[in-house]
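So you can see what is in the structure, the chains are spelled out below.
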Amino acid sequence: MRKKIIKITILLLILLVGLGCLNNLFLPEERGNDIWKSFYGLPKDTIDMVFIGSSHCWVGFVPMIFNKTLKLDSYHLGMSGTSIEQVYFILVEALKTQKPKFVVIELFSIRPIRNSVEEAPMIHSSLDGMKLNKNKFKAVKLNADQNSRLDYLFLLTKNHTYWKDIDMSTLLHSRTNNINYFGYKNQLLTPYKTKGEKIIIDSTELREIKSLPQSRIDILDDIEKLCSNNDIELIYVNIPFITQLKVSQVELAQYVNGFVNYAKEKDIEILEYRFFDDIGLDKTHLTDDGHTNIEGAYLVSTHLANYIGDNYSESLKGINYDLKADTEQKLAEYLSELAEFKENSENH
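Residues numbered from 1 in each chain as written. Predicted model: local features only at pLDDT ≥ 70, side-chain atom pairs only at ≥ 80, totals over all residues. Heavy atoms only, no water.

1. Comments concerning the overall build of the protein
Along the backbone of the protein there are 15 helices and seven strands. Split into buried and exposed, the 348 residues of the protein put 54% on the buried side. Taking all contacts inside the protein whose residues are at least 6 apart in sequence as the whole, residues at least 24 apart take part in 83%. Split by element, the accessible area of the protein, about 16,800 Å² in all, is 54% carbon and sulfur. (Helix = DSSP H or I, 4+ residues; strand = E, 2+ residues; numbered from the N terminus. Buried < 20%, exposed > 50% of the residue type's maximum accessible area, 1.4 Å probe, protein only. Contact = heavy atoms within 4.5 Å. Areas by Shrake-Rupley, 256 points an atom, 1.4 Å probe, with all protein chains shown as cover.)

Structure, rendered in structure tokens:
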């Protein structure tokens, strides 16, 4: 009987490994999938700072600026529409191969959740590229509708039309690194031309407080404990926007106000860039109503990197700058694109 149980267990493990390999092989080309592939390919224990959050995160923080300023190695795990319920599991997965000293979480992730149908693309973006393991099972159980959980675990059921038409060039994509700038992505447009126009206008509504539901408090507690147990400095950051995913700046601000009360109780750092008028952030630093462009990201990243350098000197001690050569090359490319963007903006 014991031998039979062992054989069944081994068979199930082989089946899970095989399904995991098939999941990776047939992943479509998508931001979240590419980020996970790139992250899993990083040398173990080289990343000192991880950025986690929604698209506001991966267009708002420039890793090369943090790397150069703080003499460390940082990387993005920001994906489209990531909510705080996914942030925890993304962090758990990151800690399997990396030992960051800092985790920066972008606060659009506490936006209100609408319904499972509207949330499905965002959940897929965050979780599809994650390896098939116990952590992913837990993430899917918490985040996905009960009737669609298999689509998140076994991607062949979700992507059947994709794999029917698959060809060699698509297969090669799964072996290609499509992520540049350590996960950051430049945004080179702006619909706004008037300098000095504020992104957020203060109002009574903006100062109202919406309490976070207990389910979110529990997740935030789990994130805080995970960081505390691993000697990680936890920093939350709110980057200004106008509207995104049917969430207005006012609605998010009210939830952030509720989060501020939570953060004070837990002694957690939070930086709200809607209050940082001195860095010069205005509407011309948006690429659309929801995201910063390359210049806006530069302003936020430069300020935040300097802030961390000034206030977390003890935590920065003993860090190895392993990706220095790669950082300097990518930073030169980024600054060249930034200079070109500024010149084009001034000419128009």
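So much for the structure itself; the text now carries on.
2. Observations regarding the packing of aromatic side chains
On inspection of all chains with the given rule, the structure shows 16 aromatic pairs. A cation sits over an aromatic face here: K342 above Y298, 5.6 Å from the ring centre. (Phe/Tyr/Trp six-rings, centres within 6.5 Å; stacked < 30°, edge-to-face > 60°. Lys NZ or Arg CZ within 6 Å of the ring centre and 35° of its normal.)

3. Looking at the side chain of Q244
If you trace the backbone, Q244 turns up in strand β5 (residues 243-244). Setting aside chain neighbours within four positions, we find Q244 in contact with S55, H56, F108, G290 and H291.

4. With respect to the nonpolar core
By size, the foremost hydrophobic cluster in this structure holds 100 residues, and its most contacted members are F61, L77, I223, Y236 and Y334. Excluding residues within four positions of it along the chain, L77 makes contact with I35, W36, F39, V50, F51, I52, G53, I90 and A94. (Core = buried A, V, L, I, M, F, W, Y, C linked by side-chain atoms within 4.5 Å.)

5. Topic: the packing of helix α4 (residues 63-70) against helix α14 (residues 294-311)
Each pair of packed helices gets described by two things: the angle between the helix axes and the distance between those axes. Their axes nearest at 9 Å, the elements α4 and α14 cross at an angle of 30°. Judged by the angle between their axes, α4 and α14 are roughly parallel. The hand of the α4/α14 crossing is right-handed. In this structure, α4 uses I65, F66, T69 and L70 to contact α14, whose residues at the interface are Y298, S301, T302, L304, A305, N306, I308 and G309. Of the residues contributing to the contact of α4 with α14, the split by class is seven nonpolar, five polar and no charged. (Axes fitted to C-alpha atoms, helices over the stretch in contact; angles between N-to-C directions. Parallel < 35°, antiparallel > 145°, perpendicular 65-115°, else oblique. Left-handed = near helix turned anticlockwise from the far one by under 90°. Nonpolar A, V, L, I, M, F, W, Y, C, P; charged D, E, K, R; others polar.)

6. Some words on the pairing of strand β4 (residues 233-238)
Among the six residues of β4, five are classified as buried, and the element is accordingly described as predominantly covered. Where strand β3 (residues 102-106) lies against β4, five bridges are found, and the strand directions are parallel. For V104, the partnering residue across the bridge sits in β4 and is I235. The sheet contact formed by β4 and strand β7 (residues 269-272) spans four bridges and is parallel. (Pairing = 2+ DSSP bridges.)

7. Quick notes on the packing of helix α5 (residues 84-94) against helix α7 (residues 134-143)
Interhelical geometry of α5 versus α7 gives an angle of 180° and a closest axis separation of 10 Å. Classified by the angle between their axes, α5 and α7 sit roughly antiparallel to one another. Residues E85, Q86, F89, V92 and E93 of α5 form the contact with α7, whose own contacting residues are N135, K138, A139, L142 and N143. For the contact of α5 with α7, the per-class residue count stands at four nonpolar, three polar and three charged.

8. Looking at the side chain of E251
By the secondary structure assignment, E251 is in helix α13 (residues 249-266). Setting aside its immediate chain neighbours within four residues, E251 contacts P112, R114, K210 and K246.

9. Let's talk about helix α15 (residues 324-347)
The end-to-end C-alpha distance of α15, which contains 24 residues, comes to 34 Å, matching closely the 34 Å that a straight helix rising 1.5 Å per residue would cover. Among the structural elements, α4 and α14 are those in contact with the buried residues of α15. (Expected span 1.5 Å × (residues − 1).)

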